[in-house]
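Structural overview for review
Chain by chain, the residues:
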Amino acid sequence: MAENKSRVLKTVKRIMLITLAAVLAVIISLTVYIMICSASGRVAEVFGTSVLKVVSGSMEPSISEGDYIIVRKTDTAKLKAGDIICFYSKDSKIYGMPNTHRIVRILPDGSFVTKGDANKTEDDTEVSADMIIGRYEGKSRLLRLISSFSSVNKLVLLVIIVLMSVAAIYEVRTIAKVVSSSKEEKELRKEEEKQRLIREAIDKEKEKLKEQGYVPEIKDKSDDGSDE
């Protein structure tokens, strides 16, 4: 029973370790993917959610330059004035690049007039529904922190450090198991040695008794007090 319980616990621990490693690998992969997309000016999209880096201060103080924002796909018919949206700009200066501004008006044809909170004037070009990437949902502080490792070399170094840390933890656990197993083996050997010495001592005593002519009494089976 105890052995089965121990095996179950070991299996559960192994599954948890594998799951943790898999989750960590996914997080690292997604982070690297987002950082690469941001560096190349592209939108990183995962399961309908986009993450992109803000490269200007046009939305100060709501959104700052360098922030990583989370944008989700939305039904454009449900958008209203005051919503912050991300869209591919038709402005000649940043044509085709993602831009994040606030909706100030909705035109009769369904297009949107946008404006940066820090800008004095509205954007020159309207935003049509097919240009919209999604609605702004919030910021990612974690990605902002990671982005402080501005160079690719530093980012790669960070990934290597994380992977080495995980490997080191796994190695420490393995060594601990080996040490624990070694202790158990030593204890088992001690117990076996103890039992062997006891058996030897018993055998010696038997030999001594034989040498002294001692013969153990054997009870007659017929002498059981019954009359036949």
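Here's what I pulled together on the structure shown here. This structure is a prediction, so every number in the text was calculated from the model and none was measured.

Considering the overall build of the protein chain
Each helix and strand counted, the protein chain has three helices and seven strands in total. The order of helices and strands in the protein chain, counted from the N terminus, is α-β-β-β-β-β-β-β-α-α. With 228 residues in all, the protein chain has 22% of them scored as buried. In the protein chain, of all internal contacts separated by at least 6 residues, the share reaching a separation of at least 24 is 51%. When the accessible surface of the protein chain is totalled, it reaches about 17100 Å², and 59% of it is carbon and sulfur.

Comments concerning the pattern of salt bridges
Per the stated rule, a full pass over the model turns up eight salt bridges. In this structure, Lys 139 and Asp 67 form a salt bridge, with 3.3 Å as the shortest nitrogen-oxygen distance. One end of the pair, Lys 139, is in strand E7 (residues 132-139); the other, Asp 67, is in the loop between strand E2 (49-53) and strand E3 (68-72), with 72 residues separating them in the sequence. Arg 102 serves as the salt-bridge partner of Asp 117, at 2.8 Å between the closest nitrogen and oxygen. Placement of the pair is Asp 117 in the loop between strand E6 (112-115) and E7 and Arg 102 in strand E5 (residues 98-106), with a sequence separation of 15 residues. We classify Arg 102 as partly exposed; its relative accessible area is 23%. If you follow the salt bridges from partner to partner, you end up with Lys 80, Asp 83, Arg 135 and Glu 137 in one network.

With respect to a positive patch on the surface
A cluster of basic residues, Arg 7, Lys 10, Lys 13, Arg 14 and Arg 173, forms a positive patch at the surface. A total of four residues in the positive patch trace back to one element, the largest contributor, which is helix H1 (residues 2-39). Note on placement: Arg 173 falls in helix H3 (residues 152-211).

Concerning the sheet that holds E2
Spatial ordering of the open sheet is given by E1-E2-E3-E7-E4-E5-E6, a layout of seven strands whose pairing is antiparallel. A strand with exactly one partner marks an edge of an open sheet, and here the two such strands are strand E1 (44-46) and E6. Looking at each pair of strands side by side, their axes are set apart by 45 degrees on average, direction ignored. Bridge count between E3 and E7: four bridges; the pairing is antiparallel. Bridging from a neighbouring strand, Val 71 pairs with Tyr 136 of E7.

About the thresholds
The residue numbering used here restarts from 1 in each chain and proceeds along that chain's sequence as written. The predicted nature of this model means local features are confined to residues of pLDDT at least 70 and side-chain atom pairs, given and counted, to a pLDDT of 80 or more, with totals for whole chains, interfaces and linings taken over all residues. In computing side-chain properties, one takes all heavy atoms of the structure into account and sets aside hydrogens as well as water. What counts as a helix is a DSSP run of H or I of at least four residues, what counts as a strand is a run of E of at least two, and both are numbered from the N terminus. Only protein chains enter the accessibility calculation, which uses a 1.4 Å probe; a residue whose area is less than 20% of its type maximum is buried, one above 50% is exposed, and one in between is partly exposed. We call two residues in contact when some of their heavy atoms are within 4.5 Å. To measure how exposed things are, a 1.4 Å probe is used in the Shrake-Rupley method; for residues, cover is taken only from the protein chains shown. A pair is scored as a salt bridge if a Lys or Arg side-chain nitrogen falls within 4 Å of a carboxyl oxygen belonging to Asp or Glu. Like-charged residues are merged into a patch within 9 Å and nonpolar side chains (Val, Leu, Ile, Met, Phe, Trp, Tyr) within 5 Å, provided each residue has over 30% relative accessible area and no salt bridge. In this tally, Asp and Glu contribute negative charge and Lys and Arg positive charge; neither His nor the terminal groups of the chain are included. Charge coordinates come from a single atom per side chain, which is NZ of Lys, CZ of Arg, CG of Asp or CD of Glu. If DSSP finds at least two bridges between two strands, the strands pair. Lines fitted to the C-alpha atoms define the axes, with helices restricted to the stretch that makes contact. Angles between their N-to-C directions range from 0 to 180 degrees.

Bear in mind that shape data such as this cannot, by itself, settle questions of function.
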